Amino acid sequence: MLKKIFGKSQKEKKLLKEQNLSEIDLIPSHIAIIMDGNGRWAKKRAMPRIAGHHEGMKTVRKIARCADDLGIKVLTLYAFSTENWKRPKSEVDYLMGLPEKFLKSFMPEIMERDIRVQMMGEKEALPASTQAVLNEAMERTKNNNGLILNFAMNYGSRAEIVRAMKDIMVEVKNGNLTVDMIDESTINNYLMTSQLPEPDLLIRTSGEVRLSNFMLWQLAYTEFWFTDTLWPDFDEETLMEAIHAFQKRNRRYGGLKGEEIN
Ligand code: V07
């Protein structure tokens with residue numbers, strides 16, 4: 001895509017101007033979001049929890065579009081944690097059907113926007129039908145060069161680190177690595193995010209102020225932004241608010257970070 005080669009497109013520039021975001025300030029390349037508060041949103045309306053999840057799915061579409069329009073490169077969304085299996089079976093079943101619902105309606109636009117769908121997490125433990133849908137979406141979009149829409153599905157950060165450690169041990173045992181060779185970049189290479197930049201900004205909705213086993217290694221230098229807004233109520237404006245806060249914090253570091261622009 002042209003815009004990725006020649007910097008920002010006219011559309012991106014117009015949007016940045018409208019949103020009062022400076023072109024010179026850094027737009028975060030990678031935003032990660034813990035999408036909390038779907039159940040609470042439904043409860044407030046005396047609706048079943050799954051109604052909240054459905055509304056939350058619509059928010060995913062809205063925010064993916066907005067992130068793409070802003071020229072953000074990676075959007076990582078915590079869709080299903082390893083803890084979420086503890087929920088009632090009916091709720092888990094509904095959640096496992098959401099990727100298909102989402103992709104059925106959004107796939108044409110995903111292709112049009114050149115969005116690449118990826119996922120991280122233990123895919124093997126997901127229902128076969130969900131795996132099939134995810135595999136198909138990843139396969140169909142693997143040559144797309146726009147926004148990477150990265151879903152964390154059955155993801156847990158400690159499990160990810162344990163797996164990485166085991167894989168590294170096997171390499172050492174097989175003589176492909178020595179203990180002395182292991183450094184931070186080795187560990188990076190064995191995480192599920194090895195091909196992605198580290199998140200610049202982490203957003204968590206719904207007033208909870210914890211990481212809940214999300215990207216523990218990768219968030220070491222990330223700016224955190226928390227909001228009481230429930231995920232189904234999160235919108236373009238809330239995203240801009242988070243990006244403004246990010247830019248304001250980054251500006252304080254002055255020169256050095258400014259030189260990283262380009
Ligand atoms: C889920 C909606 C968002 C709020 C959080 C929980 C419920 C989109 C997806 C999805 C996942 C993979 C994919 C395409 C779409 C999704 C789950 C839950 C499990 F390739 N929303 N969403 N997956 N929720």
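Residues numbered from 1 in each chain as written. Predicted model: local features only at pLDDT ≥ 70, side-chain atom pairs only at ≥ 80, totals over all residues. Heavy atoms only, no water.

A. Looking closely at the site of the ligand. Taken together, the neighbourhood of the ligand is formed by 17 residues, with Met57, Leu95, Phe102, Leu134 and Phe151 sitting nearest. Its free accessible area being 510 Å², the ligand has 98% of it covered by the protein chains. Breaking the shell around the ligand down by element, the ones donating at least two residues are helix H4 (49-70), helix H5 (89-113) and strand S4 (148-155). Here the shell around the ligand gets five residues from one element, more than from any other, and that element is H5. Residue composition of the shell around the ligand, by class: 14 nonpolar, three polar and no charged. (Near = heavy atom within 4 Å. Areas by Shrake-Rupley, 256 points an atom, 1.4 Å probe, with all protein chains shown as cover. Helix = DSSP H or I, 4+ residues; strand = E, 2+ residues; numbered from the N terminus. Nonpolar A, V, L, I, M, F, W, Y, C, P; charged D, E, K, R; others polar.)

B. Region of interest: unusual backbone geometry. In this structure, Ala46 is a non-glycine residue whose phi angle is positive, near 55°. Among the secondary structure elements, Ala46 is positioned in the loop between helix H3 (38-44) and H4. Its relative accessible area of 75% is what places Ala46 among the exposed residues. (Buried < 20%, exposed > 50% of the residue type's maximum accessible area, 1.4 Å probe, protein only.)

C. Geometry of the sheet that holds strand S5 (residues 201-204). Pairing is parallel across the open sheet formed by six strands, whose spatial order is S3-S4-S2-S1-S5-S6. Where the open sheet ends on each side, the last strands, each with one partner, are strand S3 (116-120) and strand S6 (223-226). Each adjacent strand pair in this sheet contributes to an overall mean axis angle of 20°, direction not counted. Sheet contacts for helix H9 (residues 236-251): strand S1 (30-34), S5 and S6; angle to S6, the most-contacted strand, approximately 140°. (Pairing = 2+ DSSP bridges. Axes fitted to C-alpha atoms, helices over the stretch in contact; angles between N-to-C directions. Contact = heavy atoms within 4.5 Å.)

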